[in-house]
Amino acid sequence: METAQIPENEAEDRSQYAGVVRYYELAKRAEWQVRDLPWNDLPPIPEYKGTPQKLARRQDLWRSVVTQQLQADELAVEMATQLFRMAPDPEAKLYYTTMVQDESRHTEAWLRLVDEAGGRGEPDPYLDQLAQMQIDADTLEEKVVNMQVFYERLIIPRFRLIARSSKGTVLEDLCNRLTVDDGIHHGSGMAYARVLIANAPEKTKKQIVASANQLLPIFAQHALWRPKAREFIAVLMRDTDARRLREDLDTGVRLAQSLGLDVSDVELPH
């Protein structure tokens, strides 16, 4: 008995989700485990020579770096879980299973690393605000654009900078792995955002831009904030931080434009 065939004109065309599926397969191949990190072979954070006071200041500095990344990934677990719950498309559902696992694994690694580095430092208050705004966003389109297209893209250069500054440590190894993971998160977000925005009404597109105008001033405060352990660096790095912030904001605008969003009403913080 022959198997019944669905006429081509009646079969649903899912080709627009091919990009999302490709990143799902890529995420599975790129998966790693916390035990793969060189815990027993390398120091957790950079080691220095000098007076006890100097060593304590350096440890506090790196503890603050690790703390901020731990805080970000703890919040990312909740945001990724929300994306999994809300996404109506099976291809996106599959992808978000890998993203939730990634963010959970990142958190596990940061928790171990912050413990080995001497414990948590001062948290970033602006990260909490950004995460809450993301969680409270009204539409799936806003959540995908804000988290995957914007945040995930902008964290990649920071991981590379941390890795370059922490050669020969577990921290360097972890940041290199996270650069790959978040590159996949960003790529999948771009692929899914294109589908979502192409099918979204104008009201939703305008809401994404309105959401950006609310988020960007808080993001600017986050980008320029330093805990007490890094206050001295903030003074030295003020001009560099301002330049990087401007580059980040310009990157966000270009990404939004590439998705077909009208960003003429976006107000960039000064």
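As the structure is a computational prediction, the values presented were derived from the model and not from experiment.

1. Details of the overall build of the protein chain
- Counting its regular elements, the protein chain contains 9 helices and 0 strands.
- Along the chain direction, N to C, the helices and strands of the protein chain fall in the order α-α-α-α-α-α-α-α-α.
- Relative to its length of 270 residues, the protein chain is compact, with a C-alpha radius of gyration of 20 Å against a globular reference of 18 Å.
- Principal-axis analysis of the C-alpha atoms places the extent of the protein chain at approximately 80 × 50 × 25 Å.
- The buried share of the protein chain, reckoned over its 270 residues, is 49%.
- Pairs at least 24 residues apart make up 82% of the contacts formed inside the protein chain by residues separated by at least 6 positions.

2. Structural notes on the packing of helix H4 (residues 125-136) against helix H7 (residues 202-224)
- It is at 9 Å that the axes of H4 and H7 come closest, and there the two elements cross at 155°. Comparing the axis directions of H4 and H7 gives the class roughly antiparallel. Viewed along their axes, H4 and H7 form a crossing whose handedness is left-handed. Residues Tyr126, Leu127, Gln129, Leu130 and Met133 of H4 touch H7, and the partners they reach there are Gln214, Leu215, Ile218, Phe219, Gln221 and His222.
- Its residues assigned to classes, the contact of H4 with H7 shows 7 nonpolar, 4 polar and no charged.

3. A short note on the nonpolar core
- In this structure, Tyr95, Tyr96, Val144, Tyr192 and Phe219 are the most contacted members of the largest nonpolar core, which totals 52 residues.
- Residue assignment for this core shows that the elements contributing at least two residues are helix H1 (18-30), helix H2 (52-86), helix H3 (90-116), H4, helix H5 (140-165), helix H6 (170-198), H7 and helix H9 (238-258).
- Non-local contacts of Tyr95, meaning those with residues more than four positions away in its chain, are made with Val20, Tyr23, Tyr24, Ala27, Gln148, Ile184, His185 and Ser188.
- One finds Val66, Ile156, Ile162 and Cys175 within the second-largest nonpolar core, a separate group that totals 25 residues.

4. What to know about the packing of aromatic side chains
- Across all of its chains, the model carries 5 aromatic pairs by this definition.
- Seen in terms of ring centroids, Tyr95 and Tyr96 are 5.7 Å apart; in terms of plane orientation they differ by 70°. Their pairing is edge-to-face. Each member of the pair Tyr95 and Tyr96 is classed as buried.
- Judged by centre distance (5.0 Å) and plane angle (65°), the rings of Phe150 and Phe219 are edge-to-face.

5. Points about the pattern of salt bridges
- According to the stated counting rule, one finds 14 salt bridges in the structure shown.
- Across the salt bridge formed by Glu25 and Lys28, the nearest N and O atoms sit 3.3 Å from each other. Of the two residues, Glu25 and Lys28 both sit in helix H1, 3 residues apart, roughly one turn of that helix.
- Here Glu25 falls in the partly exposed class, since its relative accessible area comes to 32%.
- Relative accessible area serves as the criterion here: at 37%, Lys28 is assigned to the partly exposed category.
- A salt bridge links Asp248 to Arg158; the shortest N-O distance between them is 3.9 Å. In this pair, Asp248 sits in helix H9 while Arg158 sits in helix H5, placing the two residues 90 residues apart along the sequence.
- Shared partners join several salt bridges into a network, and the residues in it are Arg14, Asp89 and Glu91.

What counts and what doesn't
Residues numbered from 1 in each chain as written. Predicted model: local features only at pLDDT ≥ 70, side-chain atom pairs only at ≥ 80, totals over all residues. Heavy atoms only, no water. Helix = DSSP H or I, 4+ residues; strand = E, 2+ residues; numbered from the N terminus. Rg over C-alpha atoms; globule rule 2.2 N^0.38 Å. Buried < 20%, exposed > 50% of the residue type's maximum accessible area, 1.4 Å probe, protein only. Contact = heavy atoms within 4.5 Å. Axes fitted to C-alpha atoms, helices over the stretch in contact; angles between N-to-C directions. Parallel < 35°, antiparallel > 145°, perpendicular 65-115°, else oblique. Left-handed = near helix turned anticlockwise from the far one by under 90°. Nonpolar A, V, L, I, M, F, W, Y, C, P; charged D, E, K, R; others polar. Core = buried A, V, L, I, M, F, W, Y, C linked by side-chain atoms within 4.5 Å. Phe/Tyr/Trp six-rings, centres within 6.5 Å; stacked < 30°, edge-to-face > 60°. Salt bridge = Lys/Arg side-chain N within 4 Å of Asp/Glu carboxyl O.

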